[in-house]
Amino acid sequence: LEIWSAESGRFATVEVHDSAVSDRSGAAELFMPSDFDANEGTASLDEAGGGGESFTVPTVTLDEQFAGDEIGVLKIDIEGHEKAALEGAADLLRNRAIRDVVYEDHGGYPSPVSELLEGHGYRVWLIRKGLLKPLLIPPGTKPYELPNYLATTDSERAARRMRAFGYRVLSGSLRSNCERSG
């Protein structure tokens, strides 16, 4: 699969793996709630109830998948299985090979996910949608929507990236990010 990269001015190759990220390699049950057709983002390795069906999927760890790599931004939104997935990235987190982790946390702050990340030296921020740009605010602030957080090894960089108006990712140049946000 190739995706256009405005930063490099060329296509980037993306590998798609038919597996789920967890705390160990092997297999697990993927649960699809009965209302999955209304929101296809609700399947999870953590059974949340609500009927539906399940099937066995292969699992991998982030440590195995990205051993020796440096990761700028890891976006993780896996319906309650974030802690297990990050436990499978223990070496990457310990070595600070992941600079920024953006994650959704239904439990708010503090949570087992934030405690795991903070235990590896990451600083956690709540990401709130501002009118003209995303805002980084203290994580204990009461969210008014499903909370997304940034755990970072470089808070100063993250704050600089969020100063400019517009929405952009945490990696890449400001120019190319402005072009993407149009």
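See the structure above.
Since the model is a prediction, treat every value here as computed from it, not as a measurement.

Visitor: Please explain unusual backbone geometry as it appears in this structure.
Guide: Excluding glycine, residues mostly carry a negative phi; peptide bonds, for their part, are mostly trans. In this chain, Y109 is followed by P110 through a cis amide linkage whose omega measures -5 degrees. Its place among the elements puts P110 in the loop between strand 7 (98-104) and helix 4 (112-119). Unusually for a residue other than glycine, E79 sits at a positive phi of about 50 degrees. Assignment of secondary structure puts E79 in the loop between strand 6 (71-76) and helix 2 (82-87).

Visitor: How should the nonpolar core be read in this particular structure?
Guide: Note that soluble globular proteins tend to have their nonpolar side chains buried in a common cluster. Of all hydrophobic cores here, the largest spans 22 residues; its most connected members are L86, L93, I98, V101, Y103 and L117. Taken together, the elements giving at least two residues each to this core come down to strand 6, helix 2, helix 3 (90-94), strand 7, helix 4, strand 8 (123-129) and strand 10 (148-152). Apart from residues no more than four positions distant in its own chain, L86 is found in contact with L74, L93, V101, V113, L116 and L117. Within the second largest apolar cluster, six residues are counted, among which are V102, L150, A158 and M162.

Visitor: Explain the sheet that holds strand 4 (residues 26-32) here, please?
Guide: Within a sheet, each strand pairs with its neighbour through backbone hydrogen bonds, oriented either parallel or antiparallel. Spatially, three strands are ordered 3-5-4 in an open sheet, and the strand pairing comes out mixed. Where the open sheet ends on each side, the last strands, each with one partner, are strand 3 (20-21) and strand 4. Looking at chain direction, strand 3 and strand 5 (residues 53-60) are connected through two bridges and run parallel. Paired with V21 across the strands is V60, a residue of strand 5.

Visitor: When you look at the packing of aromatic side chains in this model, what are you seeing that I'm missing?
Guide: Both the distance between ring centres and the angle between the ring planes are used here to describe each pair of aromatic rings. As enumerated under the stated definition, the model contains two aromatic pairs in all. Each ring, one from Y109 and one from Y149, has its centre 6.5 Å from the other, and the planes form 40 degrees; the classification is tilted. One end of the pair, Y109, is in the loop between strand 7 and helix 4; the other, Y149, is in strand 10, with 40 residues separating them in the sequence. Here Y149 falls in the buried class, since its relative accessible area comes to 1%.

Definitions and cut-offs
Residues numbered from 1 in each chain as written. Predicted model: local features only at pLDDT ≥ 70, side-chain atom pairs only at ≥ 80, totals over all residues. Heavy atoms only, no water. Helix = DSSP H or I, 4+ residues; strand = E, 2+ residues; numbered from the N terminus. Core = buried A, V, L, I, M, F, W, Y, C linked by side-chain atoms within 4.5 Å. Buried < 20%, exposed > 50% of the residue type's maximum accessible area, 1.4 Å probe, protein only. Contact = heavy atoms within 4.5 Å. Pairing = 2+ DSSP bridges. Phe/Tyr/Trp six-rings, centres within 6.5 Å; stacked < 30°, edge-to-face > 60°.

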